[in-house]
Amino acid sequence: MPEAHTAPVPPAGLLRRAAGLVRRPPAALAALADQGVVSGFGFLSGIVAARLLGIAEFGHFAMILIVLTFAQALHNALITAPMMTLVGARSGVSKAYAATILTGAFLLCVPGAVFVVIALLIGGMSGETLVAACALMLAQNLQFTLRRLLFAKGRGVQALLMDFARAASFPFIALVIWLEHDVIGSNGFVWLLAATSFATCLPFIVAFGRPILRRPGCVQTGAVFRRHIPLARWLLPIVFVTFVQEQLIWLVAGATLGLEELGGLRAAQYLVGTVLLLLAATENVLPVAAARAHSEGGEAALRRYLMRTGVKLGVPIIAILAVLAIPGAMWLRLIFGAEYAAYANCLHILSVSVVVVLARDLTANYFRAKQNTRVLFASLCVSMVVSLAVVVPLMQAGGVSGAAAAVGAGHLASLIYLVLAARRQSRPASAWPMPGRWRRSLRPAKSAQT
C-alpha cells in the first residue's frame, strides 16, 4: 500500500497562517496570556504595596484584600461560574444574556458591599477605608465578569487587552502620585486599584450594557437566576467553608495580633503563591486526564496516573519551595524589606502546607474522576472544623505562626480524610463494614449533583 504524503504548504500559506495567529490567537493561548497578566499584576502590585506602605499599612491593605477575595468568590459562585457552564452547553452568548449577566453583577454588588462594610467594621476600619473597599469590590467584580464574558464570546484578545491596560496604567499613575505627594497610603492604594480597574473596563461596560438602554425588557434577571441556582448550590457552600477554614483565620489573626503581624504573614503568602499558581494551572489538564485514565483503565490506571503525576509535580514544587523557604529571611528582606525578615517562620510553615495541598488536590482528583464530589465537600468541612479547633491554642503558643499552622493542620486533616475515604471506596464492601451514613457519603454522586 503506498504511503500517503501531506502536500507541502507554500511559504505564502505559512505566512498567512502566522498572520492569522497573530490577529486571532487560539483561545487557550489568549487565556494563558491573560492569566499571566492578571496573576503577575496581583503579585507585583502586592510587592509594591509592601515596599511603599510599610508592614503595618500593608497589613491594613491585606485585610481589605482578604475580604474582597471572599466577596469575589461569592460573585463567581452565583454569576460567572454558572455562566461559563451554561454558555458551554449553548455554544454562544446572546446580547440579552450578556446584558442580564452585567445587570446581575451590578445588583450582586449591593449585598457584597454590605458584607464588605460589616467585615471591615469588625476589623476596626475607618469610614474612608469602607468606601474605598466597596469601590474596589465593585470595579474588580465587574472586570472579572467582563473578562469571563469576553472569553465566552470568543473575544479573549479583548479581555487580554483590557487586563493589560490596567496592569500597564497602574504603576505609571502610582509613580506619578508618589513623586508628587511622596506618599500613597493604604486607602490611596485601594482607590488607585479601583480607578484603574473601572477605567479600563468602562468601554466594555458600555458595549455590553447598550442593549439595556435600547430595550430594557431584554433583561431577564429572574429567569437567569433560576438557571444559575442549580449550578451554584454546590459552589456556594464550598465558598463559605473555604473562607472559614483559611481567610477568616487570617482576619482573626489581624484583628487579635495586629496588622503588622498580618502584613508579615501576607508577605510570606505572596512568596509561596508563586507555587500555588502552578497548582492552579494544573486544573486545566489534571481533572480531564484523571477522568480519562479511570474510564479507560479503571481503578488501577487512575491510581497509576495520579502517582506519576504526583512525582512529576512534587519534585519541582518541593525544589522551588526549598529554595524559597530555607533562606526565607533573605528572600523576605530582599523582596519586601528588612522588617519582613522576622516572619521567615511563617514562610516555612506555609511551604509545608503547600506540599500538603498538592497531595490533597491529587487525592481529590481521584474522587472527581469517579464523580463523587460529596466526599470533597465533606473533606473541606473536616478541614474547617480542625482549623477552628486548633487556631486559638496555636495562636496563643506561636502568634501569627500559630495561625499559619492552624490552616496547615486543616489541610492535613482534609488530606487524611480523603486518603481514608479512598481506601474505603477501593475495597470490597464486605471487607469494610461501615454504617449506612458512611456508605451513602461515599456512593458516587449523580451527574446532576457534581
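Going along each chain's sequence as written, the residues are numbered from 1 onward. Restriction of local features to residues with pLDDT of at least 70 applies here, the model being predicted, together with a cutoff of 80 or more for giving and counting side-chain atom pairs; totals for whole chains, interfaces and linings are based on all residues. For the side-chain quantities, the full set of heavy atoms in the structure was used; hydrogens and water were omitted.

(A) Structural view of helix α14 (residues 374–398). A run of H or I in DSSP counts as a helix once it spans at least four residues, and a run of E counts as a strand once it spans at least two, with each numbered from the N terminus. Multiplying one less than the number of residues by 1.5 Å gives the expected span of a helix. Taking 1.5 Å of rise per residue, 25 residues should cover 36 Å, and α14 covers 35 Å from first to last C-alpha, within 8% of that figure. Throughout, bend refers to the angle between the axes fitted to the seven residues that end at a position and the seven residues that start at it. Its axis deflected by about 40° at V391, α14 carries its strongest bend there, up to four residues before the proline P393. Partly exposed describes any residue whose relative accessible area lies between the buried limit of under 20% and the exposed limit of over 50%, with all areas from a 1.4 Å probe on protein chains only and scaled to the type maximum. Among the residues making up α14, those that are buried are V375, L376, S379, L380, S383, M384, S387, V391 and M395. Just past α14, the residue G399 takes up positive phi, approximately 65°.

(B) Focus on the layout of surface pockets. In this structure, the second largest pocket spans a volume of roughly 350 Å³. Here a cavity means grid points, on a 1 Å grid over the protein atoms only, where a 1.4 Å probe fits yet cannot get out; a pocket means an open set of points with protein on both sides within 12 Å along at least five of seven lines; lining residues are those with an atom within 4 Å of a point. L306, M307, A359, L362 and T363 are the residues nearest the centre of the second largest pocket, which is lined by 17 residues in total. Top contributing element to the lining of the second largest pocket by residue count: helix α11 (residues 286–325), with seven residues. Residues are grouped as follows: Ala, Val, Leu, Ile, Met, Phe, Trp, Tyr, Cys and Pro are nonpolar; Asp, Glu, Lys and Arg are charged; all remaining types, including Gly, are polar. Among the residues forming the lining of the second largest pocket, the class breakdown is 11 nonpolar, four polar and two charged. Grid points are joined across faces, edges and corners, and a volume is the space filled by probe spheres set on the points.

(C) Broad picture of the packing of aromatic side chains. Stacked, tilted and edge-to-face are the three classes applied to pairs of Phe, Tyr and Trp rings, where Trp contributes its six-membered ring and a pair requires centres within 6.5 Å; stacked means planes under 30 degrees apart, edge-to-face means over 60, and tilted covers the rest. Evaluated as defined, the whole model comprises 13 aromatic pairs. When the ring of F61 is compared with that of F189, the centres are 5.3 Å apart and the planes differ by 85°; the resulting orientation is edge-to-face. Taken together, the positions of F61 in helix α3 (residues 55–90) and F189 in helix α7 (residues 185–214) put the pair 128 residues apart, joining distant regions of the chain. Accessibility expressed as a relative area gives 0% for F189, which makes it buried. Ring centres 4.0 Å apart and planes at 35° place the aromatic pair F70 and F243 in the tilted group. One end of the pair, F70, is in helix α3; the other, F243, is in helix α9 (residues 235–257), with 173 residues separating them in the sequence. Each of the two residues, F70 as well as F243, counts as buried. These aromatic residues form a ring-pair network of at least three members: F41, F43, F58, F61, F170, F189, Y270, F336 and Y340.

(D) Inspection of a nonpolar patch on the surface at higher detail. Residues V48, L52, L175, W178 and L179 make up a contiguous nonpolar surface patch of about 440 Å² in total accessible area. Breaking the nonpolar patch down by element, the ones donating at least two residues are α2 (27–53) and α6 (156–181). Examining the composition of the nonpolar patch, we find that three residues originate from one element, α6, more than from any other. Position of V48 among the secondary structure elements: in helix α2. By relative accessible area, V48 is classed as partly exposed at 36%. Exposure above 30% relative accessible area and no salt bridge define the residues that can form patches, which grow by joining like charges within 9 Å and nonpolar side chains of Val, Leu, Ile, Met, Phe, Trp and Tyr within 5 Å. Using a 1.4 Å probe, accessible areas were evaluated by the Shrake-Rupley method; residue-level cover was limited to the displayed protein chains. Salt bridge, as used here: a side-chain nitrogen of Lys or Arg that lies within 4 Å of a carboxyl oxygen of Asp or Glu.

(E) Here's a closer look at the confidence of the model for the protein chain. A score from 0 to 100, pLDDT tells how confident the predictor is in each residue. On average, residues of the protein chain score 80 in pLDDT, and 83% of them are at 70 or above. Contacts are residue-level and defined by heavy atoms, with any inter-residue pair within 4.5 Å sufficient. Ignoring residues within four places in sequence, the model shows residues 17–23, a span with pLDDT below 50, making three contacts including any to other chains. Per-residue pLDDT stays below 50 along residues 429–450; that stretch engages in 34 contacts with residues further than four places along the chain or on separate chains.

(F) Fine view of the nonpolar core. Each nonpolar core is a collection of buried residues, namely Ala, Val, Leu, Ile, Met, Phe, Trp, Tyr and Cys, held together in the definition by side-chain atoms within 4.5 Å. F61, V116, L120, W250 and F336 are the most contacted members of the largest nonpolar core, which totals 99 residues. A total of 14 residues in this core trace back to one element, the largest contributor, which is α3. The two domains that each donate at least three residues to this core are domain 1 (26–219) and domain 2 (236–426). Beyond its immediate chain neighbours, meaning those up to four positions away, L120 contacts M63, I64, V67, M125, L130 and A133. Membership of the second largest hydrophobic core comes to 21 residues, among which are V93, L142, C201 and I205. What counts as a domain boundary in this text is fixed by an automatic or database domain assignment.

(G) Region of interest: the environment of P230. You can see P230 is positioned in helix α8 (residues 221–232). Through-space distance from the C-alpha of P230 to that of L78 is 10.0 Å; in sequence the pair is 152 residues apart.

(H) Fine view of α9. An ideal rise of 1.5 Å per residue puts 33 Å on 23 residues; α9 measures up with 32 Å between its terminal C-alpha atoms. Along its length, α9 shows its largest kink, about 45°, at V244. Taken as a whole, α9 has its buried residues at V239, V241, F243, V244, Q245, Q247, I249, W250, L251, A253 and G254. Just downstream of α9 lies G258, where phi reads positive at about 115°.

(I) Focus on the packing of α9 against α14. With their axes 8 Å apart at the nearest point, α9 and α14 run at an angle of 10° to one another. One element, α9, and the other, α14, form an angle in the roughly parallel class. Packed against α9, whose contacting residues are P237, I238, V241, T242, V244, Q245, I249, V252, A253, T256 and L257, the element α14 presents F377, L380, C381, S383, M384, S387, L388, V391 and M395 at the interface. Of the residues contributing to the contact of α9 with α14, the split by class is 15 nonpolar, five polar and no charged. Between N-to-C directions, angles cover 0 to 180 degrees, with each direction set by a line fitted to C-alpha atoms, over the stretch in contact for helices. Roughly parallel means an angle under 35 degrees; roughly antiparallel means over 145; roughly perpendicular covers 65 to 115; every other angle is labelled oblique.

(J) Just the environment of G402, in detail. Topologically, G402 is positioned in helix α15 (residues 400–426). In this structure, the C-alpha to C-alpha distance between G402 and C346, residues 56 residues apart in sequence, is 8.6 Å. Setting aside chain neighbours within four positions, we find G402 in contact with L394 and M395.

(K) Focus on the environment of G222. Mapped onto the elements of the fold, G222 is located in helix α8. When its relative accessible area of 34% is taken as the criterion, G222 is described as partly exposed. Along the primary structure G222 and G104 are separated by 118 residues, whereas in three dimensions their C-alpha atoms are 9.8 Å apart.

(L) Geometry of the pattern of salt bridges. Under the counting rule described, the total for this entry stands at four salt bridges. Bridged by salt links that share partners, the residues D34, R147 and D163 form one connected network.

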